[in-house]
Amino acid sequence: MERKPLLITGAAVAALAVGGGALTYALSGTESTTGLDPFTTVTVDGHKALSGKIVAGRTQSKYSPLPWIGGETSGMECPDLKAVAGTEVTCTARDGGGKDLSIPVTVVKADASSVTWKFERA
């Protein structure tokens, strides 16, 4: 009879671990798809581009969604991101200790109405 509470406790711990892992995975994503509309689109070299302000805001919000994924950032700035697959830019920010960060951003795919891009955590 003493084994039953132990099995229940073990199952609960395992369920929490799986749930925590799934939450971390869901929130730690570095890829975004953003629509190109009149509010988010600018022009760079004759091509549609995603405004750097949109890229900076999304990157900062996803850079450290949970404390064990990444540290806090401030002062995130990004150049406009041309909606052409393979385009690369570098965003800058500061970590919680005031250290400068360089955050690479790459366009994964783009079409007339959206751009899919990702960033790398430093």
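Residues numbered from 1 in each chain as written. Predicted model: local features only at pLDDT ≥ 70, side-chain atom pairs only at ≥ 80, totals over all residues. Heavy atoms only, no water.

Some thoughts on the pattern of salt bridges
- Throughout the structure, instances matching the rule amount to 2 salt bridges.
- Between Asp45 and Lys82 there is a salt bridge; the shortest N-O distance is 3.4 Å. Of this pair, Asp45 sits in the loop between strand 2 (41-44) and strand 3 (47-50) while Lys82 sits in strand 5 (residues 81-82), placing them 37 residues apart in sequence.
- The partner of Asp100 in a salt bridge is Arg94, with the nearest N and O atoms 3.6 Å apart.
- By relative accessible area, which is 58% here, Asp100 ends up exposed. (Salt bridge = Lys/Arg side-chain N within 4 Å of Asp/Glu carboxyl O. Helix = DSSP H or I, 4+ residues; strand = E, 2+ residues; numbered from the N terminus. Buried < 20%, exposed > 50% of the residue type's maximum accessible area, 1.4 Å probe, protein only.)

Observations regarding the sheet that holds strand 8 (residues 114-119)
- Strands sit in the order 1-8-7-6-4 across an open sheet of 5 strands; the sheet is antiparallel. Either end of the sheet is taken by a strand with one partner, and the two such strands are strand 1 (31-35) and strand 4 (73-77). Averaged over all neighbouring strand pairs, the angle between strand axes comes to 30°, with direction disregarded.
- Lying over the sheet, helix 2 (residues 52-63) contacts strand 1, strand 4, strand 6 (88-95), strand 7 (100-110) and strand 8, oriented at roughly 155° with respect to strand 4. (Pairing = 2+ DSSP bridges. Axes fitted to C-alpha atoms, helices over the stretch in contact; angles between N-to-C directions. Contact = heavy atoms within 4.5 Å.)

Thoughts on the sheet that holds strand 5
- An order of 2-3-5 is seen for the 3 strands of this open sheet, with the pairing classed as antiparallel. A strand with exactly one partner marks an edge of an open sheet, and here the two such strands are strand 2 and strand 5.
- Here strand 2 runs beside strand 3; their pairing, made up of 4 bridges, is antiparallel. Looking at the pairing, Val44 lines up with His47 of strand 3.

Here's the deal with the state of the cysteines
- Taken as a whole and judged by the stated rule, the model has 1 disulfide.
- Here Cys78 pairs with Cys91 through a disulfide, and the sulfurs are 2.0 Å apart. One quick way to see it: the torsion about the S-S bond of Cys78 and Cys91 is about 120°, and its sign makes the bridge right-handed. Here Cys91 lies in strand 6 and Cys78 lies in the loop between strand 4 and strand 5, a separation of 13 residues in the sequence. For the pair Cys78 and Cys91, a shared accessibility class is recorded, and that class is buried. (Disulfide = S-S within 2.5 Å.)

Description of the environment of Ser64
- The topology assignment puts Ser64 in the loop between helix 2 and strand 4.
- Classification of Ser64 by relative accessible area gives buried; the value is 11%.
- Sequence spacing of Ser64 and Arg121 is 57 residues, and the spatial spacing of their C-alpha atoms is 9.0 Å.

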